[in-house]
Amino acid sequence: MAEEKIVLGIESTAHTLGFGIVSTTGKILANVNYVYKPKEGGIHPREAAQHHSMHAARGVMEALRRAGISPERIDGVAFSAGPGMGPCLRVGATLARALALKLNKPLLAVNHGVAHIEIGRLVTGARDPVVLYIAGGNTLITAYLDGRYRIFGETLDIAAGNCLDAFGIEAGIGPMPNPEVKAREGRKIHPLPYRVKGMDVSFSGLLTAALKLLKKGIRIEDVCLSITETVYSMLTETLERALAFTEKKEILLVGGLARSIRLRQMIEAMAKLHDAKVYVVPPEYAGDNGAMIAWTGALQLLSGLVIRVEESVVKPKFRIDEVEVKWRNLNGSK
Ligand code: FE2
């Protein structure tokens, strides 16, 4: 068996600056995350980048302390190369380059979406799932096929998480999980635009329509119930289609919105009909985190997917199907 190596991973695509230290055998030694919270509204990229710069040095030291290792024990430095906000991505990339040069260790450019999937597989034990990756900035239905995570469905406009967060903020109750919590007191579902095209979804019309219902004076609890039920039904329907198409027997939910209790209920009911098993990433690894970047970096290190500092550009629009997922056929089990 190959010698165990240790990878430091840095996450900085949006609001979270994260540091993870993970071994190539899948031991998570540290997962330290700092989350930027805007005073109002959505994320301001430059402010978030400033937050990340401020916590950068402290974060590396804290992760090393928690892992109980010295910097010399690090065998590779991974960073989130995208997708994400340019100014935020550049903070993580700059830090990773500097550390890789200083320690004279390989640099690993990780796709943020692939990292959500891989940490989900590691901590839940799912082997070959259809993945629903749902978060503030992403809505994707994907599965591994012929060396890559193929995109079966995605949002044509805003992400599911973004739709519910924006609704909550506009309605004055705050982002998720607040709309879902309020929905529990809802009694009536009002019809809202339900836009599913094949395995793709669209949420922006739905958001506008839900806000209109509020303006008309419909009870906020009922609007929350209407919008959450509609968003979750759309996701469940498209996921079911992808499950039938790929003939896989596992479903994995990853990303911040995987914390939703109601969405999980709906997906579990659907999975039952297909004899499929549902895995949900635990809350600690659902949102953006450093451990997911470190673990995916470790998989890349094992498969020789390292890059030179000169070619380590950030890619704000990095798609998961651009990544060659070499590690999935390393020994047939990973
Ligand atoms: Fe994310």
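Note that the coordinates shown come from a computational prediction; the quantities given were computed from them, not determined experimentally.

So, helix α6 (residues 204–215)
No. 1: Helix length check: α6 (12 residues) gives 17 Å between terminal C-alpha atoms against 16 Å at 1.5 Å per residue, within 8%.
No. 2: What α6 keeps buried is the set L206, L207, A210, L211 and L213. End-on view of α6: buried residues confined to an arc of 150 degrees, all on one side of the axis. The exposed residues of α6 that point more than 90 degrees off its buried face are K212 and K215.
No. 3: Positioned one or two residues after α6, G217 has a phi angle of 95 degrees, which is positive.

Regarding the packing of aromatic side chains
No. 1: Under the defined criterion, the tally for this structure stands at two aromatic pairs.
No. 2: When the centroid spacing of 5.9 Å and the interplanar angle of 70 degrees are considered together, the rings of Y144 and Y149 count as edge-to-face. For the residue pair Y144 and Y149, the accessibility class agrees, reading buried in each case.
No. 3: The cationic tip of K315 hangs over the ring face of F318; the distance from NZ or CZ to the ring centre is 4.4 Å.

Looking at the domain arrangement of the chain
Many authors give the size of an interface as the accessible area that is lost as the parts come together.
No. 1: If you check the domain split of the chain, you get domain 1 (6–117 + 286–332) and domain 2 (130–247).
No. 2: Just the C-alpha atoms count here: the centres of domain 1 and domain 2 sit 28 Å apart.
No. 3: On the domain 2 side, the residues contacting the 16 residues of domain 1 number 12 residues.
No. 4: Summed over both partners, the interface of domain 1 with domain 2 comes to about 1300 Å²; 62% of that surface belongs to carbon and sulfur atoms.
No. 5: Run the count over domain 1 and domain 2 and you get one salt bridge.

With respect to the coordination of the iron ion
No. 1: Each protein donor to the iron ion is listed here as H112 (NE2), H116 (NE2) and D288 (OD); together their distances run 2.1 to 2.2 Å.
No. 2: Read in sequence order, the donor residues for the iron ion give the motif H-x3-H-x171-D. Taken together, the residues H112 in helix α3 (residues 112–124) and D288 in the loop between β12 (277–280) and α9 (290–302) connect sequence positions 176 residues apart. For the pair shown, H112 and D288 are each scored as buried.

What counts and what doesn't
- In this numbering scheme, every chain counts its residues from 1 along its sequence in written order.
- It should be noted that, the model being predicted, local features are given only for residues of pLDDT at least 70 and side-chain atom pairs only at 80 or more, the latter also being counted only at that level, while totals for whole chains, interfaces and linings use all residues.
- Here the side-chain values reflect all heavy atoms present in the structure, with hydrogen atoms and water set aside.
- Put simply, DSSP H or I for four residues or longer makes a helix, DSSP E for two residues or longer makes a strand, and each gets a number counted from the N terminus.
- Expected span, for any helix, means 1.5 Å times one less than how many residues it has.
- Burial classes: relative accessible area under 20% of the type maximum marks a residue as buried, over 50% as exposed, and values in between as partly exposed (1.4 Å probe, protein chains only).
- Here the arc refers to the directions that run from the helix axis out to each C-beta atom.
- Each pair of aromatic rings taken from Phe, Tyr and Trp, with Trp reduced to its six-membered ring, is defined by centres within 6.5 Å and is described as stacked if the planes are under 30 degrees apart, edge-to-face if over 60, and tilted in the remaining cases.
- Lysine and arginine charges are scored as sitting over a ring when NZ or CZ, respectively, is within 6 Å of the ring centre and within 35 degrees of the ring normal.
- Where each domain starts and ends comes from a domain assignment, either automatic or drawn from a database.
- Residue contacts are counted whenever heavy atoms from the two residues lie within 4.5 Å of one another.
- Buried area, as used here, totals the accessible surface that two parts lose on assembly, with accessibility defined by a 1.4 Å probe and the loss added over both.
- Salt bridges are defined by distance alone: a side-chain nitrogen of Lys or Arg within 4 Å of a carboxyl oxygen of Asp or Glu.
- Think of the donor list as every N, O and S atom within 2.8 Å of the metal, or within 3.2 Å for Na, K and Ca; water never makes the list, so a site can look incomplete.

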